[in-house]
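A look at the structure
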Amino acid sequence: MTRQDGTWGKLFPTPWSFVIFVAYMVLFINQGIIVTASQRADSSYSYNTVTVVFLTEATKLLTSLIIFLKDNRLSTLIADMRTHLRVLGLYMVPALLYCLYNNLAFVNLAAFDPTTYFLLLQLRVVVTGISFQVVFKKQLSRRQWVSLLILTVGCIVKQLSSIKKQEISPTQPESTYTTFFLNFASLHTGLMLVQVFCSCLAGVYNEKLLKDTGVEVHIMVQNVFMYIDSIICNAVILLFRGELFSAFTAASLTQIIFGIPVDWWTAAAITLVIYATYMYAQSPVVNRGRLDELEKGMTSGEAEQEMLVINRSMTAV
């Protein structure tokens, strides 16, 4: 096996895993574009954003149920849920983190254009890499550490583009650096970092459940657990805001035309982030948890479920 086959074989064990990965990337990027397109001229929303997250989780829940019930009976699902109630409770942690992450996406996309938003969001690769090393005791290679450093620089370069657009007074040459640090210390940057950490912690915790604590639970049953908890979290937010019933109206659907300029700073930042991501992926860290213990004697159906677990862990973060 060549080095290239070994690397890409770990990242994409089957052709379908590559297709799923590409589809995930397309949907992920389009989400930011569509959310931006739906904003008013003042970057506010004419619909309830929590309702969108709620309905999205409900759609995921329905999809997971359909996939599971295609090959299993409803009684099997109910029995599995009763048997693994503890896992259902444990999924409340990543569900809460993802709930916060998904709702902050609307807040941060109102403050940043999609290009800046997605570039800054890549900081989660840095946090996830460190968390992965601490939690799963998987050492990152020197090449991966360098890639994380380059990725961080790429995100900083993108922030420099906002300074370039500022009117700098000739009598205050230090205002450039002042603006730079103020941008990083702003409330919006803080919320962006909160979203990054929510994504990282939820991804690492979710992988722990997938490959360790809940490894005996069918992957679609785990999805059901996740989305039930997510729906509960979003419902609590709506209830707290007094919008549990009024939130589901036709006014939540709207679009507007948008335009986002891409300057040289943005191009440089994108180049650095893409290169850093490529470097990091050259030596993928694959954590199988307790899957190795169950590998012997697996049926073909169980082998397919294991492959789904690996694919999901790659895209969960």
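The structure this text deals with has already been given above.
Residues numbered from 1 in each chain as written. Predicted model: local features only at pLDDT ≥ 70, side-chain atom pairs only at ≥ 80, totals over all residues. Heavy atoms only, no water.

Some points on the packing of helix α6 (residues 92-111) against helix α11 (residues 187-213)
With their axes 8 Å apart at the nearest point, α6 and α11 run at an angle of 150 degrees to one another. Here α6 lies roughly antiparallel to α11, going by the angle between them. Every pair of crossing elements has a handedness; the one defined by α6 and α11 is left-handed. Contact residues: α6 offers V93, P94, L97, Y98, L100, Y101, L104, A105, V107, N108 and A111, while α11 offers H188, L191, M192, V194, Q195, C198, S199, L201, A202, G203, Y205 and L209. Split by residue class, the contact of α6 with α11 holds 18 nonpolar, five polar and no charged. (Axes fitted to C-alpha atoms, helices over the stretch in contact; angles between N-to-C directions. Helix = DSSP H or I, 4+ residues; strand = E, 2+ residues; numbered from the N terminus. Parallel < 35°, antiparallel > 145°, perpendicular 65-115°, else oblique. Left-handed = near helix turned anticlockwise from the far one by under 90°. Contact = heavy atoms within 4.5 Å. Nonpolar A, V, L, I, M, F, W, Y, C, P; charged D, E, K, R; others polar.)

Section: a nonpolar patch on the surface
A cluster of nonpolar residues, W16, F18, V19, I20, F21, V22, M25, V26, I29 and I33, forms a patch on the protein surface that exposes about 870 Å² of accessible area. Here I29 lies in helix α2 (residues 15-37). (Patch = residues over 30% accessible without salt bridge, like charges linked within 9 Å, V, L, I, M, F, W, Y side chains within 5 Å. Areas by Shrake-Rupley, 256 points an atom, 1.4 Å probe, with all protein chains shown as cover. Salt bridge = Lys/Arg side-chain N within 4 Å of Asp/Glu carboxyl O.)

Brief notes about unusual backbone geometry
The bulk of non-glycine residues show a negative phi, and the bulk of peptide bonds are trans. Notably, S43 is not glycine yet its phi reads approximately 70 degrees, a positive angle. With respect to the helices, strands and loops of the structure, S43 is situated in the loop between α2 and α3 (49-71).

What about the packing of aromatic side chains?
Summed over all chains, the structure comprises six aromatic pairs. Three or more aromatic residues joined by ring pairs form one cluster here, namely Y24, F28, Y117 and F118. (Phe/Tyr/Trp six-rings, centres within 6.5 Å; stacked < 30°, edge-to-face > 60°.)

Overview of the pattern of salt bridges
Overall, the coordinates contain two salt bridges when judged by the stated rule. In this structure, the salt-bridge partner of E57 is K60, at a minimum N-O distance of 3.5 Å. With a gap of three residues between them, E57 and K60 both fall in helix α3, about one helical turn apart. The class for E57 is buried, based on a relative accessible area of 4%. (Buried < 20%, exposed > 50% of the residue type's maximum accessible area, 1.4 Å probe, protein only.)

With respect to the environment of S43
In this structure S43 comes out as partly exposed when scored by relative accessible area, which is 27%. Along the backbone, S43 and V107 are 64 residues apart, and their C-alpha atoms lie at a distance of 9.5 Å.

A word on the packing of α3 against helix α4 (residues 74-83)
α4 packs onto α3 with a crossing angle of 115 degrees between their chain directions and a minimal axis gap of 8 Å. Every residue of α4 that contacts α3 at L65, F68 and L69 is listed here: L74, T76, L77 and D80. Of the residues belonging to the contact of α3 with α4, the class tally is five nonpolar, one polar and one charged.

Quick word on α2
With 23 residues, α2 extends 33 Å from end C-alpha to end C-alpha; this agrees with the ideal 33 Å at 1.5 Å per step. Looking only at α2, the buried set comprises S17, F28, G32, V35, T36 and A37. (Expected span 1.5 Å × (residues − 1).)

Quick word on the state of the cysteines
In protein chemistry, a disulfide is the covalent bond that joins the sulfur atoms of two cysteines. Going through the model one piece at a time under the given rule, you end up with zero disulfides. Here C99 is not cross-linked by a disulfide; its sulfur's nearest cysteine counterpart is in C233, at 5.1 Å. Residue C99 is classed as buried on the basis of its relative accessible area, which comes to 3%. With no disulfide of its own, C198 lies closest to C200 among cysteine sulfurs, the gap being 9.3 Å. For C198, a relative accessible area of 6% gives the class buried. (Disulfide = S-S within 2.5 Å.)

Thoughts on the side chain of N103
Considering the arrangement of structural elements, one finds N103 in helix α6. Looking at N103, the relative accessible area reads 12%, which means it is buried. In terms of polar contacts, N103 uses its side chain to reach the backbone carbonyl oxygen of C99, at 2.7 Å. Ignoring anything within four residues of it in the chain, the contact list for N103 reads T49, V50, V53, N234 and I237. (Polar contact = N/O pair within 3.5 Å; in protein donor to acceptor, adjacent residues only side chain to side chain.)

So, the nonpolar core
Membership of the largest hydrophobic core comes to 46 residues, with the highest contact counts inside it found for Y91, Y117, L121 and F225. Secondary structure elements with two or more residues in this core: α2, α3, α5 (85-90), α6, α7 (114-121), α8 (123-136), α11 and α12 (219-240). Broken down by element, this core gets its largest block of residues, ten residues, from α12. Among residues more than four places away in sequence, those in contact with L121 are F28, Y101, M192, Q195 and V196. V126, L140, I150 and L151 belong to the second-largest nonpolar core, a separate cluster that totals seven residues. (Core = buried A, V, L, I, M, F, W, Y, C linked by side-chain atoms within 4.5 Å.)

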